[in-house]
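# A look at the structure
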Amino acid sequence: MSETTFGNQPATEPLFGRLLTAMVTPFAADGSVDEEATASLAAELVDRGNDGLVVCGTTGEYSTMTDEENARVFQVVKDAVGDRAKIVAGVGSNDTAHTLHLTELAEKAKVDGLLVVTPYYNKPTQAGLLAHFRTVADAADTPVMLYDIPGRAGIAIDPETIVELAEHPNIVAVKDAKADLAAGTDVMSRTDLQYYSGDDGLTLPWLSVGAVGLVGVTTHVDPERFRKMIDAAVAGDLEEARRIHRELHPVAKATMTRAPGAVAAKTILKWQGRLASDAVRLPHVSPTDQELALIRSDLEGSVVASTIS
C-alpha cells in the first residue's frame, strides 16, 4: 500500500483503483455487441494504466442494451481482465426492481463493485433516494459506488443524504459528476466515503480536496497521461500534475463537450485505429460534420495529435 500526501486522501490504495475508464461498449457495424472488441479494449486499457474499469455505465450505452447484453459484457470484461483491475458494473436504472435484477446479473460475473446511478426521470424525493440506494445495498454482496449526476438524472443527491447513506456498510464510494467541490468536501470531512471525479476536466481539483481517483471517458484517448497526472498528484507533485492537467485540457474538451461522451470517444478511438467501428445505438447518432470538425480541431496540436488519422 502506498501513502499519499495530496489533499486528505487515505493512506491506503482506494478500493476500486485510482484510474477507471467508463468504457464504451463496442458495437459491430450492424449494431450488435462486439464481444471480441470489448475484451480487447478492456485489456488494452488495463495494459495502459487503468487499475479499474466501469462497464455498462452511461458511456457504455447500457440503457439501450438488453439485460442479457449487459450481463454478457460484465462477464466478457471480467474474463478479459481477470484480477489485473477492479471491475465496477453499472447496474443503475430508474426502477429499483430492475436495478436489483441487474445487480444479480453483475454479481454472477463476480464483479468488484456496483455503480448505482441516481434514478433518472422519476425525480424522487431525498427520502426516495435513501430508500432506493439502501434497498440495493441491502440486497448486494458487492460494494456500491453512488453515481451523483444531476445533469442526466434531473436531481442531485443532497450532501445530507449522502452522509446518511455512508452509514450503510456496503456503500463505500461516490462518483461525483455535479462539480460541487464544496459539497464533496463537506461529505468527505464527515464520512469515510471514497470520492471519484466524474468530470474529466476537474480531476485535479477533485484530487486536491481529497478525491481518490477518476472515473473518466477521456481516459480512453490518453490513459497513460491521466495515470501520470493522478500519480503526480498523489505523490504531492502539484507542479507536474498541473502541467499534465493543462496538456489534457484540449483532449477533454474534444471528448466531453462536442458530442455525447460515448459518441466522441468511439469516434476518436476509431481515428486512433483502436476500434474498427464507431457505431452507436439510437437515440445516439454519429457526430455531424460540424461536430467532427470541432473534435478534430481540438485534438490537432494537442498531445494526442500524432495518434489520430
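Residues numbered from 1 in each chain as written. Predicted model: local features only at pLDDT ≥ 70, side-chain atom pairs only at ≥ 80, totals over all residues. Heavy atoms only, no water.

Under the criterion given, the structure shown has 20 salt bridges. For the salt bridge of Asp 112 with Lys 78, the shortest nitrogen-to-oxygen distance reads 3.4 Å. Of this pair, Asp 112 sits in the loop between helix H3 (96-108) and strand E4 (113-117) while Lys 78 is found in helix H2 (residues 67-81), placing the two residues 34 residues apart along the sequence. Look at Lys 78 and you get buried, because its relative accessible area is 12%. Look at the salt bridges and you will find they share partners, linking Asp 222, Arg 225, Glu 240, Arg 243 and Glu 247 into a network. (Salt bridge = Lys/Arg side-chain N within 4 Å of Asp/Glu carboxyl O. Helix = DSSP H or I, 4+ residues; strand = E, 2+ residues; numbered from the N terminus. Buried < 20%, exposed > 50% of the residue type's maximum accessible area, 1.4 Å probe, protein only.)

A separate point is the side chain of Thr 103. Structurally, the position occupied by Thr 103 is in helix H3. Discounting residues that sit within four places of it in the chain, Thr 103 has contacts with Val 91, Leu 114, Val 136 and Ala 140. (Contact = heavy atoms within 4.5 Å.)

On to helix H12 (residues 289-299), then. Within H12 the residues assigned to the buried category are Ile 295, Asp 298 and Leu 299. Buried residues along H12 cover an arc of 95° about the axis, so they all sit on one side. Summarising the geometry of H12, the exposed residues directed more than 90 degrees from the buried face are Asp 289 and Gln 290. Among the structural elements, helix H10 (238-256) and helix H11 (261-271) are those in contact with the buried residues of H12. Two residues or fewer after H12 comes Gly 301, characterised by a positive phi angle close to 85°. (Arc of directions from axis to C-beta.)

The next subject is the pairing of strand E8 (residues 213-216). Going residue by residue along E8, you find Gly 213 and Val 215 tucked away on one face and Leu 214 and Gly 216 tucked away on the opposite face as well. In the sheet, strand E1 (residues 19-22) pairs with E8 via 3 bridges, with the strands oriented parallel. Counted as the bridge partner of Thr 21 is Gly 216 from E8. As paired strands, strand E7 (residues 194-197) and E8 are joined by 2 bridges and run parallel to one another. (Pairing = 2+ DSSP bridges.)

Glancing now at the packing of aromatic side chains. Within the structure shown, the criterion is met by 1 aromatic pair. For Arg 296, the ring lying beneath its charged end belongs to Trp 271, and the centroid distance is 4.0 Å. (Phe/Tyr/Trp six-rings, centres within 6.5 Å; stacked < 30°, edge-to-face > 60°. Lys NZ or Arg CZ within 6 Å of the ring centre and 35° of its normal.)

Moving on, we get to the nonpolar core. Residues Leu 53, Phe 74 and Val 77 are the most contacted members of the largest nonpolar core, which totals 69 residues. Ranked by the residues each element gives to this core, the list is headed by helix H4 (residues 126-139), at 5 residues. Contacts of Val 77, omitting those with residues within four sequence positions, involve Met 23, Thr 38, Ala 42, Leu 53, Val 55 and Ile 87. (Core = buried A, V, L, I, M, F, W, Y, C linked by side-chain atoms within 4.5 Å.)

Turning next to the packing of H10 against H12. Two quantities define a packed helix pair, namely the angle between the helix axes and the distance between the axes. Put simply, H10 and H12 touch, their axes get as near as 8 Å, and they point 170° apart. One finds that H10 runs roughly antiparallel with respect to H12. Where H10 crosses over H12, the two elements pack in a sense that is left-handed. Contacts between H10 and H12 pair Pro 250, Val 251, Lys 253 and Ala 254 from the former with Ile 295, Asp 298 and Leu 299 from the latter. Here the contact of H10 with H12 is built from residues that sort into 5 nonpolar, no polar and 2 charged. (Axes fitted to C-alpha atoms, helices over the stretch in contact; angles between N-to-C directions. Parallel < 35°, antiparallel > 145°, perpendicular 65-115°, else oblique. Left-handed = near helix turned anticlockwise from the far one by under 90°. Nonpolar A, V, L, I, M, F, W, Y, C, P; charged D, E, K, R; others polar.)

This part takes up H2. For H2, with 15 residues, the first-to-last C-alpha span of 21 Å sits near the 21 Å given by 1.5 Å per residue. Residues of H2 that are buried in the fold lie against helix H1 (35-47), strand E2 (52-55), strand E3 (86-90) and H3. Once H2 finishes, Gly 82 follows within two positions and takes phi at roughly 65°, a positive value. (Expected span 1.5 Å × (residues − 1).)

Moving on to the UniProt feature "site: Part of a proton relay during catalysis" (unreviewed entry) in the protein. Mapped onto the present numbering, the UniProt feature "site: Part of a proton relay during catalysis" (unreviewed entry) falls on Thr 58 and Tyr 121. For Thr 58, the location among the structural elements is in the loop between E2 and H2. The residues touching Thr 58, leaving out its near neighbours within four places in the chain, are Tyr 147 and Arg 152. Within the secondary structure, Tyr 121 sits in the loop between E4 and H4. (UniProt positions renumbered as here; feature names shortened; annotations may be inferred.)

The UniProt entry lists Tyr 147 and Lys 175 under the feature "active site" (unreviewed entry), expressed in the numbering used here. A stretch of 29 residues holds the annotated residues, and the largest C-alpha distance among them is 4.8 Å, short enough that they meet in one place. Topologically, Tyr 147 is positioned in strand E5 (residues 144-148). For Tyr 147, a relative accessible area of 6% translates into the label buried. Apart from residues no more than four positions distant in its own chain, Tyr 147 is found in contact with Thr 58, Leu 115, Val 116, Val 117, Thr 118, Ile 157, Lys 175 and Ala 177. Taking the relative accessible area as the measure of exposure, Lys 175 reaches 7% and is therefore buried. In contact with Lys 175, not counting residues within four places along its chain, are Leu 115, Met 145, Leu 146, Tyr 147, Asp 148, Tyr 196, Gly 198 and Val 215. A distance of 3.3 Å separates a polar atom in the side chain of Lys 175 from a polar atom in the side chain of Tyr 147. (Polar contact = N/O pair within 3.5 Å; in protein donor to acceptor, adjacent residues only side chain to side chain.)

As summarised here, the arrangement of the 8 strands in space is E1-E2-E3-E4-E5-E6-E7-E8, forming a closed barrel in which the pairing is parallel. Neighbouring strand axes in the sheet, compared pairwise and without regard to direction, differ in orientation by 25° on average. Pairing between E3 and E4: 3 bridges, direction parallel. Looking at the pairing, Val 88 lines up with Gly 113 of E4.

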